[in-house]
Amino acid sequence: MSTAAEVNIGQDVQHDEHHDHEQSFISKYIFTTDHKMIGKQFLVTGIMWGIIGVGMSVIFRLQLGFPDMQMEWLRPLLGGWISESGQLDPEFYLALVTMHGTIMVFFVLTAGLSGTFSNYLIPLQVGARDMASGFMNMLSYWFFFISSVVMMTSIFIETGPAAGGWVVYPPLSALPQAIQGSQLGMTLWLVAMVFFIVSMLLGGINYITTVINLRTEGMSFSRLPLTIWSFFLTAVIGLLSFPVLFAAALLLVFDRSFGTSFYLSDIYIGGEALPNMGGSPILYQHLFWFLGHPEVYIVLLPALGITSEVIATNSRKPIFGYRAMIGSMLGITVLSFVVWAHHMFVSGLNPFLGSVFMFLTLIIAIPSAVKVFNYLTTLWKGNIIFTPATLFSIGLVSFFISGGLTGIFLGNSVIDIQLHDTYFVVAHFHLVMGSLSVFGLLAGVYHWFPKMFGRMMDEKLGHIHFWMTFIGVYMIFFPMHYIGIAGFPRRYYSWTNFDAFSAYTDLNMFVSIAAFVTVAAQFLFLFNFFYSMYRGKKAPQNPWRSNTLEWTAPIIPEHGNWPGEIPKVYRWPYDYSKPGAKEDFIPQHIPLSQTPESNLEHEVELAKKEVVGKTADAKSNT
Amino acid sequence: MFNLAIGLGVVLLLAILFLIFRISSLISVAKGNTNKIETSSNKINGAMFIVFLVGTGFLFFWYSFKEFDNYNLPVASEHGSEYEFLFWITMAVTGVVFVLTQFLLFYFSWKYQYKENTKALFYPENNKLEIIWTFVPAVVLAILVFTGWRVWTDITAPAPENTNNIEIMGYQFAWGVRYPGLDGELGNTDYRVIEATNSFGIDFNDKASYDDFIPREMHIPKGEPVTFNIRARDVLHSVFAPHFRLKMDAVPGMPTSFTFTATKTTEEMREELNDPEFNYEIACTEVCGRGHYSMKLTLIVDEPEEYMEWYAEQESFLKRNPEYLSKVPTELKEVALLKTGIEN
Ligand code: HEM
Ligand SMILES: [Cu+2]
Ligand SMILES: [Cu+2]
């Protein structure tokens, strides 16, 4: 099949520089410094968190769709959070929403997506033996693990986990007397997030260093696959914004435990006036969203990078506008830092600042639009093979359009007056951030599963999984736009207290049922994932006939990735269906001088210069 | 027993599904089509995109038209109509882009699905196209932003001199309202003197506070500017009056405000909607704890004359709670007695 690639591997294998020293179970699977295993650790932990986070959404969708339902049967699971009369406790509802948001945004779509694929793909695609610092990389996972344990513990304590929304705005999150979740649960939330931030910083430094320093010969920045560009920029965003969240959390810790007044002022609660004066809750909001908005792109960019790669490979076409794609990602990276206050249009912010942030916010829509047009043009006149990964990538582009366009409403400060904190926002971010990134994650898993586990996932199940999930996601989140335009506020346990919000019980029921079906469909994926890991078809060397370097490594790469020398790179990663070429793909490690029949004009010149390196290469191979 | 039966049923179902899966994958191995691109399933997936496009496209238009009156709340404020205008302009622009791009996405997916013996077009870039689709959205967005910005500066402009100041205070889990009384000026407050009766923390050192009243019901006049002076006593809350297209956070330690003009009385709205029970409502849209979902305040919009009448009838806080006279500094006692109307 992939003739060129196999030839090269064949040569490499003749090398007798053997890497596979025996490793103990612990150093291979647990305290491993191999980026591939660390990637898998992030993936499996992320999937586990995904099950919990989605499970929570099932419980609160039960409440929202069927408010009168008897929940007695959940008592074995939730205990005292089910009231005497068999109803869900309203405070626990808030705790569920908060944990669902925190888990989904940070643990699944930051650690699970970026952690998995940055770790797994960066060394393999840039041609490195491992990350710059394997040890720091290991620490990164284990800090994440500690964070996970702490967050998990908080779910089971008596006063319940944090319950002030995933943004944990003070004073609610600062005052233990305001809500039970702000007692021990909130402390654990803060501790967990501190560990989480440390983990992300350790990982991010590694990704950046590796991309800058460890690229193989010939892998210039203008030849990097878009996946790597996206992981790289994601890490840059994370490195610049997570420390600010750290600061916000630290000040909150001080306010909670040491009597400071960073965020607190003029408060009378529980029958007493607190001594705190001069603080500002708005300060916290600025600090939080300085991370919070870039965070959206931290979960988004890797998904878009994966999509670029999958769509190009499977439509057998170069990604359209490679440089424009990089440019728009750079634009998004920079702009993502100057739009945060669009979450605060009605927080009491100075209206002039509001106008500034409205301008900046709508500017960021432009690079996003460019990306969509480029994806569409990549599909145009392609020869598209619908692997499950392709389907999920196309679905992702659809969500990017749907959710991106509603962003234009919310970025307009006037329209945001009405829509802020309603279900319109819930619809918006679930499409553009939640579902989009989950689809990126799934596309990545389907696409790189053969590399990760040396086996194929079942295609048919993948197809069914896609269609159920794709239709399901639209059936869950599209109706929420109507509910939101009608003004239904979010984080509401029930709407029946208000005449204005008492319609749409039928639509809410429909949404909940759609959610249950969609969640059920995910078991197809779980089954496919774990079953294929052991019983799937054996993967060929290059199952998708792809150009990037990871497919030149052995089917199951050892620690060190390539048994022989690391392949050199001679071209960009998107030489698909090049006119004149024998095959419809030319991998990156094939020298231009070997493909005179398909070289473009400027490549003819390059090919001539290449020869020197080639002979040297040939020598070392004999 | 019943649970057991359900459990068994589920297990059985899963077993059957698993069997089907095994058999079908064994068949595909036997057929030996493992390495070929499966054109049959490729065709089905391609066709599904068209089915999806048509199906959901139909649902989207049908539901949007059918439900229009249900999700589009009637407008009852001056700036509300401007909001509506902006909202629907944005809807029109994004709607066109939405339909067009989704159509292209699914159409291309179907049209350019894999065919043996065809080769994709090698088409890596076209700078002219990139420039066009950077500039066109930029211009469209600039227009949207600019119209938005003009309305925004209008809405957030400082309140006019003659506005009706009303204070709304959020606390766990209700709203309190305070009117300035006949002097038209809200008296100072101090959170340190709050207790059960003086729940606003009215500061009796300030003359302006003596005629302030805290009514049972909230009224506002139609056709006159009204300013909500918004604050919170404990945690964040947010005042949301959907029919007025009004929302503003209530922040402890940082007073906020929102000025608007109501255009329809409660009575008029009842007639328009043909619903004699209708009332304007204020909800809380910033999570504030257990009772967040029940922080309701009913708001009545009157004709200006009715409003004046109602306003004049209200008794000041001090008159209703004369024990607080003891908090009034001696030199101001007389003023207090006069302003509250306790002695005349
Ligand atoms: C089956 C899938 C999902 C369903 C049915 C679902 C449903 C919901 C609903 C109904 C809410 C609003 C609850 C309320 O405001 O009272 C919510 C909140 C939220 N969801 Fe999801 N969700 C799902 C998946 C996701 C994913 C994949 C993400 C990833 C970004 C996500 C992130 C969030 C966040 C950040 C919030 C806000 C939490 C807060 O208000 O503090 N959800 N979800
Ligand atoms: Cu944002
Ligand atoms: Cu509230």
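1. Looking at the overall build of chain B
Right, on to step 1. When helices and strands are tallied, chain B shows nine helices and nine strands.
Right, on to step 2. The C-alpha radius of gyration computed for chain B amounts to 31 Å, which surpasses the reference 20 Å derived for 344 residues by more than 25%, pointing to a less compact arrangement than a globule.
Right, on to step 3. If one aligns the C-alpha atoms of chain B with their principal axes, the spans along those axes are about 105 × 70 × 40 Å.
Right, on to step 4. Considering only residue pairs separated by 6 or more positions, chain B has 69% of its internal contacts joining residues 24 or more positions apart.
Right, on to step 5. Across chain B, the 28 positively charged side chains and the 43 negatively charged ones have centroids separated by 15 Å.

2. Focus: the overall build of chain A
Right, on to step 1. Counting its regular elements, chain A contains 18 helices and two strands.
Right, on to step 2. Since a compact globule built from 622 residues should have a radius of gyration of about 25 Å, the 25 Å found for chain A is in line with a globular shape.
Right, on to step 3. Projecting the C-alpha coordinates of chain A onto the three principal axes gives extents of approximately 85 × 50 × 50 Å.
Right, on to step 4. Within the span of chain A, comprising 622 residues, buried residues form 68% of the whole.
Right, on to step 5. In the form shown here, chain A has an accessible surface area of approximately 19,600 Å², with 69% of it arising from carbon and sulfur atoms.
Right, on to step 6. Of the side-chain charges in chain A, 31 are positive and 38 negative, and the distance between the mean point of each set is 10 Å.

3. So, a negative patch on the surface
Residue and element names in this part refer to chain B.
Right, on to step 1. A cluster of acidic residues, Glu-305, Glu-306, Glu-309 and Glu-313, forms a negative patch at the surface.
Right, on to step 2. Inspection of the secondary structure puts Glu-306 in helix H7 (residues 304-313).
Right, on to step 3. Residue Glu-306 is classed as partly exposed on the basis of its relative accessible area, which comes to 44%.

4. Regarding the environment of Ile-566 of chain A
Right, on to step 1. Checked against the element boundaries, Ile-566 of chain A lands in the loop between helix H17 (505-535) and helix H18 (601-621).
Right, on to step 2. With sequence-adjacent residues up to four places away left out, Ile-566 of chain A is seen in contact with Gly-127, Ala-128, Arg-129 and Thr-216 of chain A.

5. Side note on the sheet that holds strand E2 (residues 174-178) of chain B
Residue and element names in this part refer to chain B.
Right, on to step 1. With respect to topology, four strands assemble into an open sheet ordered E2-E1-E4-E7, the strand pairing being mixed. The sheet terminates laterally at E2 and strand E7 (256-261), the two strands that pair on one side only. On average, adjacent strands in this sheet sit at an angle of 25° to one another, irrespective of strand direction.
Right, on to step 2. Where strand E1 (residues 164-171) lies against strand E4 (residues 225-232), seven bridges are found, and the strand directions are parallel. What sits directly across from Asn-164, in E4, is Val-226.

6. Remarks on the packing of aromatic side chains
All names here are of chain B.
Right, on to step 1. Throughout the structure, instances matching the rule amount to 113 aromatic pairs over all chains.
Right, on to step 2. Aromatic pair Tyr-179 and Phe-213: ring centres 5.0 Å apart, planes at 5°, arrangement stacked. Pair noted here: Tyr-179 is in the loop between E2 and strand E3 (218-221) and Phe-213 is in the loop between E2 and E3, with a separation of 34 residues, a long-range link. In this pair, the class of Tyr-179 matches that of Phe-213, namely buried.
Right, on to step 3. Seen from the ring of Tyr-171, Arg-233 lies directly overhead, with NZ or CZ sitting 4.6 Å from the centre.
Right, on to step 4. The ring of Phe-240 carries Lys-247 above its face, with NZ or CZ at 4.1 Å from the centroid.

7. Remarks on empty space enclosed by the protein
Residues and elements named next belong to chain A.
Right, on to step 1. Summed over the entire model, instances satisfying the criterion amount to six cavities of 30 Å³ or more.
Right, on to step 2. In this structure, the largest cavity occupies an estimated 140 Å³ of space.
Right, on to step 3. Looking at the largest cavity, it is lined by 17 residues, and the ones nearest its centre are Ser-114, Met-200, Gly-204, Tyr-207 and Ala-235.
Right, on to step 4. Those elements that place two or more of their residues in the lining of the largest cavity are helix H5 (90-126), helix H7 (184-213) and helix H8 (226-257).
Right, on to step 5. Looking at the lining of the largest cavity residue by residue, the class counts come to eight nonpolar, nine polar and no charged.

8. Focus on the coordination of the copper ion (ligand 3)
Residues and elements named next belong to chain B.
Right, on to step 1. Within the protein, Cys-284 (SG), Glu-286 (O), Cys-288 (SG) and His-292 (ND1) serve as the donor atoms for the copper ion (ligand 3), at 2.1 to 2.6 Å.
Right, on to step 2. One can describe the site at the copper ion (ligand 3) as tetrahedral: its four donor atoms subtend angles covering 86 to 130° at the metal.
Right, on to step 3. Counting along the primary sequence, the residues that act as donors to the copper ion (ligand 3) give the motif C-x1-E-x1-C-x3-H.
Right, on to step 4. According to the relative accessible area criterion, Cys-284 is buried, its value standing at 0%.

9. Digging into the nonpolar core
Right, on to step 1. Phe-106, Phe-117 and Phe-529 of chain A together with Met-218, Phe-228, Phe-244 and Ile-282 of chain B are the most contacted members of the largest nonpolar core, which has 277 residues in total.
Right, on to step 2. With 22 residues, the top contributor of residues to this core is H5 of chain A.
Right, on to step 3. Per-domain counts for this core show at least three residues from each of domain 1 (43-113 + 127-157) and domain 2 (164-340) of chain B.
Right, on to step 4. In this structure Phe-228 of chain B touches Ile-166, Ile-168, Met-218, Ile-220, Val-239, Leu-246, Thr-256, Ser-257, Phe-258, Phe-260 and Ile-282 of chain B, once residues within four positions along its chain are discounted.
Right, on to step 5. Grouped together as the second largest cluster of nonpolar side chains are 13 residues, Tyr-210, Leu-318, Leu-332 and Ala-336 of chain B included.

10. Some details on the sheet that holds strand E6 (residues 246-250) of chain B
All names here are of chain B.
Right, on to step 1. Judged by pairing direction, the sheet is mixed, and its five strands sit side by side in the order E3-E9-E8-E5-E6 without closing on themselves. Two strands close off the open sheet at either side, each with one partner strand: E3 and E6. Averaged over neighbouring strand pairs, the angle between their axes works out to 25° when direction is ignored.
Right, on to step 2. Against the sheet, H7 engages E3 and strand E9 (297-302), with an angle of about 135° to E3.

11. With respect to the site of ligand 1
All names here are of chain A.
Right, on to step 1. Around ligand 1, 25 residues are found, and the nearest of them are Tyr-93, His-100, Trp-166, His-430 and Arg-491.
Right, on to step 2. Between ligand 1 and Tyr-93, the relevant distance is 2.5 Å, taken from an oxygen atom to a side-chain nitrogen or oxygen of the residue.
Right, on to step 3. At a separation of 2.7 Å, an oxygen atom of ligand 1 approaches a polar backbone atom of Trp-166.
Right, on to step 4. Counting only elements with at least two residues in the shell around ligand 1, the list comes to helix H3 (35-65), H5, helix H14 (423-453) and H17.
Right, on to step 5. If you tally residues by element for the shell around ligand 1, the top one is H5, at seven residues.
Right, on to step 6. Classifying every residue of the shell around ligand 1 gives 16 nonpolar, six polar and three charged.

12. Points about the coordination of the copper ion (ligand 2)
Residues and elements named next belong to chain A.
Right, on to step 1. Looking at the metal site, the copper ion (ligand 2) is ligated by His-293 (ND1), His-342 (NE2) and His-343 (NE2), spaced 1.5 to 2.1 Å from it.
Right, on to step 2. Here the donor residues of the copper ion (ligand 2) share one chain and are spaced in sequence as H-x48-H-H.
Right, on to step 3. In this structure His-342 comes out as buried when scored by relative accessible area, which is 13%.

13. Details of the pattern of salt bridges
Right, on to step 1. Inspection of the entire model under this criterion finds 27 salt bridges over all chains.
Right, on to step 2. The salt bridge involving Arg-245 of chain B is made with Glu-84 of chain B; its shortest N-O contact spans 2.9 Å. Taken together, the positions of Arg-245 of chain B in the loop between strand E5 (237-241) and E6 and Glu-84 of chain B in helix H4 (residues 78-111) put the pair 161 residues apart, joining distant regions of the chain. With respect to class, Arg-245 of chain B is no different from Glu-84 of chain B; both count as buried.
Right, on to step 3. Asp-190 of chain B serves as the salt-bridge partner of Arg-192 of chain B, at 3.3 Å between the closest nitrogen and oxygen.
Right, on to step 4. A residue is classified by how much of its surface remains accessible, and Asp-190 of chain B, at 21% relative accessible area, is partly exposed.
Right, on to step 5. Within the structure, one salt-bridge network assembled from shared partners comprises Arg-316, Arg-545, Glu-583 and Asp-584 of chain A.

14. Considering the confidence of the model for chain B
Residues and elements named next belong to chain B.
Right, on to step 1. Of the residues in chain B, 95% reach a pLDDT of 70 or more, and the chain-wide mean stands at 90.
Right, on to step 2. E5 holds the highest mean pLDDT among the elements of chain B, 96, whereas helix H1 (residues 2-31) holds the lowest, 75.
Right, on to step 3. Both scores are given for the predicted complex: the pTM is 0.92, the ipTM 0.93.

15. Let's talk about the interface of chain B and chain A
Right, on to step 1. Listed per partner, the contact involves 106 residues of chain B and 123 residues of chain A.
Right, on to step 2. In this assembly, chain B packs against chain A so that about 10,400 Å² is buried in total across both faces, 69% of it on carbon and sulfur atoms.
Right, on to step 3. Among the residues of chain B in contact with chain A, Trp-152, Tyr-191 and Tyr-293 of chain B are the three that bury the most area, contributing 9% of the side total.
Right, on to step 4. At the junction of chain B with chain A, the criterion picks out four salt bridges.
Right, on to step 5. A salt bridge links Asp-89 of chain A to Arg-290 of chain B; its shortest N-O distance comes to 3.0 Å.
Right, on to step 6. Our count for the contact surface shared by chain B and chain A stands at 36 residue pairs in polar contact (both at pLDDT 80 or more).

Rules and cut-offs
- Residues numbered from 1 in each chain as written.
- Chains lettered and ligands numbered in written order.
- Predicted model: local features only at pLDDT ≥ 70, side-chain atom pairs only at ≥ 80, totals over all residues.
- Heavy atoms only, no water.
- Helix = DSSP H or I, 4+ residues; strand = E, 2+ residues; numbered from the N terminus.
- Rg over C-alpha atoms; globule rule 2.2 N^0.38 Å.
- Contact = heavy atoms within 4.5 Å.
- Lys, Arg positive; Asp, Glu negative; His and termini not counted.
- Charge placed at Lys NZ, Arg CZ, Asp CG, Glu CD.
- Buried < 20%, exposed > 50% of the residue type's maximum accessible area, 1.4 Å probe, protein only.
- Areas by Shrake-Rupley, 256 points an atom, 1.4 Å probe, with all protein chains shown as cover.
- Patch = residues over 30% accessible without salt bridge, like charges linked within 9 Å, V, L, I, M, F, W, Y side chains within 5 Å.
- Salt bridge = Lys/Arg side-chain N within 4 Å of Asp/Glu carboxyl O.
- Pairing = 2+ DSSP bridges.
- Axes fitted to C-alpha atoms, helices over the stretch in contact; angles between N-to-C directions.
- Phe/Tyr/Trp six-rings, centres within 6.5 Å; stacked < 30°, edge-to-face > 60°.
- Lys NZ or Arg CZ within 6 Å of the ring centre and 35° of its normal.
- 1 Å grid on protein atoms, 1.4 Å probe; cavity = no way out; pocket = protein on both sides within 12 Å on 5 of 7 lines; lining within 4 Å.
- Points joined across faces, edges and corners; volume = space filled by probe spheres on them.
- Nonpolar A, V, L, I, M, F, W, Y, C, P; charged D, E, K, R; others polar.
- Donors = N, O, S within 2.8 Å, 3.2 Å for Na, K, Ca; no water.
- Tetrahedral: all angles 85-135°; square planar, octahedral: opposite > 155°, others 65-115°.
- Core = buried A, V, L, I, M, F, W, Y, C linked by side-chain atoms within 4.5 Å.
- Domains from an automatic or database assignment.
- Near = heavy atom within 4 Å.
- Polar contact = N/O pair within 3.5 Å; in protein donor to acceptor, adjacent residues only side chain to side chain.
- pLDDT = per-residue confidence, 0-100.
- Buried area = accessible area lost by both parts, 1.4 Å probe.

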